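# Survey of secondary and tertiary structure
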Amino acid sequence: MPRSHLPAMLKIALLAGTSLIPVCAAAQEASGEPEITTVTVIGSNIPRTQKEGPAPVTTITAQAIKDKAFKDVPDLLASVTQNTGLVQGQQSNNGADFSPGGQQVNLRGLGPNHTLVLVNGRRIADYPMPFNGKSNFTDVSNIPMGMVDSVEILSGSASAIYGSDAIAGVVNFKLKKKADGTTFDISHGFTEQGGGKSLEMSVSSGFDADRFHAVFGVEVRNQRPLWGYQRERQDSTLDAPTARSQLPERNFMIQDENEDYLDPGKATCDALSGLSGGTMQYALRPRYGYYCGSTAGVAYRTVVSERVQLSGLASLTYELNDTTTLFADIQAAKSKVKLMRPRLTWYYQPGSDNEDSYFYNANSGQLEDWNRTFTPEEMGGLEKGMRQVDSQTFTLSPGIRGTFGEGNKWSYDLAFNFSRFESKIAFPLLINAKATKFFLGDQLGTDSDGYPIFAPSYDRFYTPLTPAEYDSLVVKSIYKPSSWTNSFKAVLSTGELFQMPAGPVGFAVVAEAGRQGYDLSPDSLATQYYYWGWKDADGKGGRSNKAIGAEFQIPLLSNLSLSLATRYDQFGFAGRDTDKVTYNTGLEYRPLKSLLLRATYGTAFRAPDLHYIYTGPGNEHPSVVDQFKCRTEEPGVPLGDCSLDSERIIKSRVGNRDLKSETGTSFTAGFVWAPSRRFDVSLDYYKIEMKDQVEDLEMATVLKTESDCRFGSTTTGATVDPNSPTCKDALSRVKRNSGGDIMSIFINPINVASQQTSGLDLSLRFGFDTPIGQIDVSGGHTYVIKQDYQRYAGDTYFSMLTPTSGYELPRNKSNLSVSLRNGPFKATLSGRYVDRTPNYDEDAYVSSYSIANGSIQYDVTDKATVSFSVRNLFDTKPVYDPTWTGYPYYNHSWFDGIGREGTIRLTYKM
């Protein structure tokens, strides 16, 4: 093609963002040359003529999403082999407490906050509540899958292009920007075992009016809940793996100071037998005694959350002239999510930093501890116990783009980006003072040992509440969190800055400025000791940022090119600044037309999470396993069977305004071989290192470390130095009373950890024709060579892939898809594989997990298509773990108990 045509091609490519745009067909026909396209590859601002660049990119198209029977965006991302880290499933108790309804992506197992999520190449506001109460993340559950045109995954550091957050990689959701007439799409989903039905409807269209062009779409989604009691695998405590964990839950239980249960008598429990669906019974816990409990009550929880969502998008452009275009991208969504976690529980809680639940019973003359878990009948229905999240998201990106200069070889793109996420979250909570007065009456003083004195009635304790009484004790605590990001970005680029012997040098310069912030806006009473078991932290703050960067694409030889990028970022927060210069280099060598050898090296950084900085002081009242006392008092007993598995403590936490930015480096090297249009294979090695990682240690990890340090050895016999930095820190965090019981654990974020991960990504695609039709095969595999972690400087690195590490990461993850196309008929069989993961006791592995999906599609006419898809085709159950004694009795981060699901879909194009 004559060189004079290149600037126009580059102009079109830049205006298209990440879309493939063909050159004008008339020009091609006139020149007699083959069609040439350009593409802006994710991870670069310079248009290029090759889709494959120096960094490996995985692309999932809208058609592949339908063929592989993905039900939503989190399900789609679960199939991505590079997504090897833990995320919170819909059954996560932590997710329900801290970020109800939100779901994440976790590339390379480096944490959800280290993956940058973009929509149409632009940042969106974070979920306004923090992940695990700690870090910020982007919620992917609100992205309307029916409006996704493609998903691009760049795995590896990209801070030199995108700035902060892109340490593990980038996930870019490209929404539909091109309308082929008007398309209606409706689908109905159902499960084989019942529950969890869904209905989705969408319409997309567009029109042209002279110089004005519009593309828009609307999607409605109605997902009904799926309950634990609707699945045999988790509908009862009898599904638990050990005899001790199969005992009925303790709905009505009183114990004395020796932790012996006070026998209520069979007649008392028989009088309660109508509760929990008629399953309340007189139960015995060996070594402790009798109580009234239910085997079925544990399953009154949602496996799949109820969700009603309305989403809309619009892409508008107006051509001022042949070289200048105004544009605006608009995305909005409104959703209502309901979910249920364990029902409310009550025991005496002093309402201070003292977690001791014992009181002196003046009627019995002894210390007692009363425990109650409320039943659906007392609540007046499960609806009253559900947490509800009403959210609104809105993103507006107006701007101007165009070309200028001789031959219009320069392109520019100037855009503002406004994104906001607002929620109203209702948590059903028990008013502590009212519940104490209801069950115990007025306090009569304090005994000589400092215990409060009450004279409560056993009859009151063993009498079911009426729904009215329950309503008098429980209220909906309302949070109104919000987050926002506002930014301005300018990109100036050209495919021909100047000529070198091997070709033109590509160039781009980018400048950005913006602000972002969040406000948890909790119920003011929730930050006090007002609600039972709940003293939350507030959090509010923001930061400014500005950046400038440049990129070069340099042809060193006709088959060898070099990419260079550098960027300077500065963030201002909490009265101070943090800044960083990052860079990225890439090489592409094409010894053959069909073979690409590539490599990249880059640096990365991440400014501290807003919530790590600004979170206020707050307490939680979790139950933990006292690992030190388990090893001391019950030596040889597996951790899952230790009787000290529900010790109530206080967890206190506060933010840190002196945090530094996290830093990292990334290296990739590999090849792409594509000898024909129907075959290509790629293999890439990756290595990512992180330094100064902000760490908020998990309580279980702190307690395990404290136990090992006190003993001077691990449970497997490895020696531990009690004077190591890790031991000194762990011992200072855990406070015990004179009797050796845990009183509190202090947690706060600090720049302390380092992490290294490396591995191989394999991708394969090929197709061939057969007498029965065209067959296409595609697949991917990720093998993690190393995932090492150093908690503190001076400590040795340990592997996060071992069972004893405290992490649950697989070494291997795969996906595979086989499609058959014959005329109007298409069938696809796809699946994913997750390697073995550690068991709950962290002393062995459980087996690997595979799930298969299938779909068939038939083009009834050139306008109408019907399809039927099945997720979990072979009804694969979650992997059995004989040590997973807590509900739902399997690792819900990797598996789900939904079972076989079907979806019927009709698509009609006008």
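Just above, that's the structure.
Residues numbered from 1 in each chain as written. Predicted model: local features only at pLDDT ≥ 70, side-chain atom pairs only at ≥ 80, totals over all residues. Heavy atoms only, no water.

## Points about the sheet that holds strand E38 (residues 650-653)
For sheets, the rule is that strands pair by backbone hydrogen bonds, running either parallel or antiparallel. Pairing in this open sheet of five strands is mixed, and the strands run E30-E35-E38-E42-E41 from one edge to the other. Only two strands of the sheet have a single neighbouring strand rather than two, namely strand E30 (534-535) and strand E41 (734-736). The pairing of E38 with strand E42 (residues 742-747) spans four bridges and is parallel. The residue bridging Lys651 from the neighbouring strand is Ile745, located in E42. Packed onto the sheet, helix H16 (residues 725-733) meets E41 and E42 and runs at close to 50° relative to E41. (Pairing = 2+ DSSP bridges. Helix = DSSP H or I, 4+ residues; strand = E, 2+ residues; numbered from the N terminus. Contact = heavy atoms within 4.5 Å. Axes fitted to C-alpha atoms, helices over the stretch in contact; angles between N-to-C directions.)

## Quick notes on helix H10 (residues 432-440)
If you check which residues of H10 are buried, you get Asn432, Ala435, Thr436, Phe438, Phe439 and Leu440. For H10, the angular spread of the buried residues around the axis is 165°, confining them to a single face. Count one or two residues on from H10 and you reach Gly441, which has phi positive near 80°. (Buried < 20%, exposed > 50% of the residue type's maximum accessible area, 1.4 Å probe, protein only. Arc of directions from axis to C-beta.)

## Description of the environment of Gly618
Here Gly618 lies in strand E35 (residues 618-620). The exposure class of Gly618 is buried, given its relative accessible area of 10%. Placed 91 residues apart in sequence, Gly618 and Thr527 show a C-alpha to C-alpha distance of 6.9 Å. Contacts of Gly618, omitting those with residues within four sequence positions, involve Lys535, Asp536, Ala537, Lys651, Ser652 and Arg653.

## As for the pairing of strand E51 (residues 864-871)
For a regular strand, side chains alternate in direction, first toward one face of the sheet and then toward the other. Of the pairings in the sheet, the one linking strand E50 (residues 849-859) to E51 comprises six bridges and is antiparallel in character. Bridge pairing in E51 places Ile856 opposite Phe868. Linking E50 back to E51 in an antiparallel pair, the connection comprises four residues. In this sheet, strand E52 (residues 901-909) lies alongside E51 in antiparallel orientation, the contact comprising eight bridges. Considered in E52, the bridge of Ala864 is made with Tyr908.

## Some details on the sheet that holds strand E6 (residues 148-155)
Taken together, the five strands give an open sheet; going across it, the order is E3-E6-E7-E4-E5, and neighbouring strands pair in mixed fashion. In this open sheet, the two edge strands, each paired with only one partner strand, are strand E3 (57-61) and strand E5 (122-123). Sheet topology places E6 next to strand E7 (residues 169-175); seven bridges connect them, and they run antiparallel. When the bridges of E7 are listed, Val148 appears paired with Leu175.

## Focus: the packing of aromatic side chains
Between two aromatic rings, the relevant description is the distance of the centres plus the angle of the planes. Inspection of every chain in the model, using the stated rule, returns 46 aromatic pairs. An angle of 90° between the planes, with centres 4.9 Å apart, marks the rings of Phe461 and Tyr462 as edge-to-face. Among the residues examined, Phe461 registers a relative accessible area of 0% and is labelled buried. You can call Tyr462 buried: its relative accessible area is 13%. Plain terms: the ring middles of Trp673 and Phe679 are 5.6 Å apart, the flat faces sit at 75° to each other, and that makes the pair edge-to-face. For Phe679, a relative accessible area of 23% gives the class partly exposed. We note Arg108 situated over the ring of Tyr686; from NZ or CZ to the ring centre the distance is 3.5 Å. (Phe/Tyr/Trp six-rings, centres within 6.5 Å; stacked < 30°, edge-to-face > 60°. Lys NZ or Arg CZ within 6 Å of the ring centre and 35° of its normal.)

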